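Breakdown of the fold
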Amino acid sequence: MTAAPATLRRPLIAGNWKMNGLKADGLALARDIATRLEGMASRRFDMLVCPPFTLLDAVCAAVDGAPLLLGAQDCHADAKGAHTGDVAAPMLAELGCSHVIVGHSERRTNHGESDATVRAKAAAAQGAGMTAVICIGETEGQRDAGETAAVVRRQLAGSLPAGSSATNTVIAYEPVWAIGTGRTPTPEEAQAIHALIRAELSKPLGAAGSAATRILYGGSMNPKNAAVLLALPDVDGGLIGGASLKAADFLAIGECCR
Ligand code: PEP
């Protein structure tokens, strides 16, 4: 599919802190990121941090007024009820979250989340006025078996709620074998899958909706490999784990956006 004009999809650089950060460290990291962002004369990207639930309120207050978006790493599909230990999407919106990651491979694997579960969570995030960052991606075994395209198609179709749009949805393509391993797809492989995802998105969203939807790459993105990945025509930013825990590295990735 033809790449959209650069202005149509402003890159999003998103940090997934996972289960890292006690209060002092987490607040220091958030403040460091916000200060560096504010010090940039101009920037070609939006920046999002997704701390653990325990830090959301404090991070929101600590970076108040900074051009930094706040997101959560998960939500429950229901708006309230008897779900011990879970957190509902409206609770996250009330805290100041604009985004919620759903369907991360660690949740699909560690918590047995199916595409249907991910779809329900994404719908809950969207219904609470937030943007769902829907993660999809193949395992190493599926890659080796030549199933990447089929897996990505299936996960996308199964995880995308009705009512999704370019404004309430971001797709994150995260090959599971690349997460935290230091390995990445070749630029050709990454572009091919991103283009496939965009083509698939045009079925539910239409051509214009698909062309306007951000598709992030995730999996061992760092300041050294980011420029090549972020320059690919259908890569509209990154979902970053390890390298988002160091403000200098995280911002350096953002500065790779052209
Ligand atoms: C992730 O878990 O979403 C991720 C991309 O992690 P990392 O950047 O550490 O590979």
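Residues numbered from 1 in each chain as written. Predicted model: local features only at pLDDT ≥ 70, side-chain atom pairs only at ≥ 80, totals over all residues. Heavy atoms only, no water.

1. Quick word on the overall build of the chain
On a plain count of helices and strands, the chain comes out with 10 helices and 8 strands. For 258 residues, the compact-globule formula gives about 18 Å, and the C-alpha radius of gyration of the chain, at 17 Å, lands near that figure. Taken over the C-alpha atoms alone, the chain extends approximately 45 × 45 × 35 Å along its principal axes. Expressed as a percentage of its 258 residues, the buried residues of the chain come to 52%. In the chain, the proportion of contacts linking residues at least 24 apart, taken out of those at least 6 apart, comes to 72%. Taken as a whole, the chain presents about 11,100 Å² of accessible surface, with 54% of it coming from carbon and sulfur. For the chain, the separation between the mean place of its 23 positive charges and that of its 25 negative charges on side chains is 3 Å. (Helix = DSSP H or I, 4+ residues; strand = E, 2+ residues; numbered from the N terminus. Rg over C-alpha atoms; globule rule 2.2 N^0.38 Å. Buried < 20%, exposed > 50% of the residue type's maximum accessible area, 1.4 Å probe, protein only. Contact = heavy atoms within 4.5 Å. Areas by Shrake-Rupley, 256 points an atom, 1.4 Å probe, with all protein chains shown as cover. Lys, Arg positive; Asp, Glu negative; His and termini not counted. Charge placed at Lys NZ, Arg CZ, Asp CG, Glu CD.)

2. Remarks on helix α8 (residues 187–212)
With 26 residues, α8 should cover 38 Å at 1.5 Å per step; its first-to-last C-alpha distance of 21 Å lies more than 12% under that length. Along its length, α8 shows its largest kink, about 125°, at Leu205. (Expected span 1.5 Å × (residues − 1). Bend = angle between axes of the 7 residues up to and from the residue.)

3. Focus on the pairing of strand β4 (residues 99–102)
Neither face of β4 is open: one carries His99 and Ile101, the other Val100 and Val102, and all of them are buried. The handedness of the strand β3 (residues 69–72) to β4 crossover, carried by helix α3 (residues 89–95), is right-handed. As defined by bridge partners, β4 adjoins strand β5 (residues 131–136) across 4 bridges and the pair is classed as parallel. From the neighbouring strand, Val100 faces β5, where its bridge partner is Ala132. (Right-handed = clockwise from strand over helix to strand, strands pointing away. Pairing = 2+ DSSP bridges.)

4. Considering the packing of helix α1 (residues 23–38) against helix α10 (residues 247–254)
As a packed pair, α1 and α10 sit with axes 9 Å apart at the nearest point and diverge in direction by 40°. Pair α1 / α10 crosses with right-handed handedness. Contact with α1, carried on its side by Leu29, Asp32, Ile33, Arg36 and Leu37, involves Ala247, Ala248, Phe250 and Leu251 of α10 and no other residues of that element. (Axes fitted to C-alpha atoms, helices over the stretch in contact; angles between N-to-C directions. Left-handed = near helix turned anticlockwise from the far one by under 90°.)

5. What about the confidence of the model for the chain?
The pLDDT averaged across the chain works out to 96; a share of 97% of its residues lies at or above 70. Confidence, read as mean pLDDT per element, is least for α1 in the chain (97) and greatest for β5 (99). Counted against residues more than four places away or in other chains, residues 1–6, with its pLDDT under 50, gives 8 contacts. (pLDDT = per-residue confidence, 0-100.)

6. So, the site of the ligand
The ligand sits among 14 residues. The nearest are Lys18, His104, Glu174, Gly180 and Ser220. His104 has a polar side-chain atom sitting 2.8 Å from an oxygen atom of the ligand. Between Glu174 and the ligand, the recorded distance is 2.7 Å, taken from a side-chain N or O atom to an oxygen atom. Contact with the protein chains hides 94% of the accessible area of the ligand, taken as 290 Å² for the molecule alone. Taken together, the residues of the shell around the ligand sort by class into 4 nonpolar, 8 polar and 2 charged. (Near = heavy atom within 4 Å. Polar contact = N/O pair within 3.5 Å; in protein donor to acceptor, adjacent residues only side chain to side chain. Nonpolar A, V, L, I, M, F, W, Y, C, P; charged D, E, K, R; others polar.)

7. Quick look at the pattern of salt bridges
Applying the stated criterion across every chain yields a total of 17 salt bridges. A salt bridge links Glu189 to Arg143; the shortest N-O distance between them is 3.6 Å. Here Glu189 is found in helix α8, whereas its partner Arg143 is found in helix α6 (residues 140–144), with 46 residues between them in sequence. The class for Arg143 is partly exposed, based on a relative accessible area of 28%. (Salt bridge = Lys/Arg side-chain N within 4 Å of Asp/Glu carboxyl O.)

8. A short note on the side chain of His99
With respect to the helices and strands, the residue His99 is situated in strand β4. At 2.8 Å, the side chain of His99 and the side chain of Ser98 are in polar contact. In this structure, His99 is in contact with Leu12, Leu48, Leu69, Leu70, Gly71, Ala72, Met130, Thr131 and Val133, ignoring residues within four places of it in sequence.

9. Remarks on the side chain of Glu174
Assignment of secondary structure puts Glu174 in the loop between β6 (169–173) and α8. No salt bridge is formed by the buried Glu174. Its closest oppositely charged neighbour is Lys18, at 6.7 Å. Separated by 3.3 Å, the side chains of Glu174 and His104 make a polar contact. Contacts of Glu174, omitting those with residues within four sequence positions, involve His104, Cys135, Ile136, Gly137, Glu138, Ile179, Gly218, Gly219 and Leu239.

10. Focus: the sheet that holds strand β2 (residues 46–50)
Backbone-to-backbone hydrogen bonds pair the strands of a sheet. The strands run either parallel or antiparallel. Sheet architecture is closed into a barrel: 8 strands sit in the order β1-β2-β3-β4-β5-β6-β7-β8, paired in parallel fashion. Recorded for the sheet is a direction-independent mean angle of 25° between the axes of neighbouring strands. Sheet topology places β2 next to β3; 2 bridges connect them, and they run parallel. In the strand pairing of β3, Leu48 is matched with Leu69.

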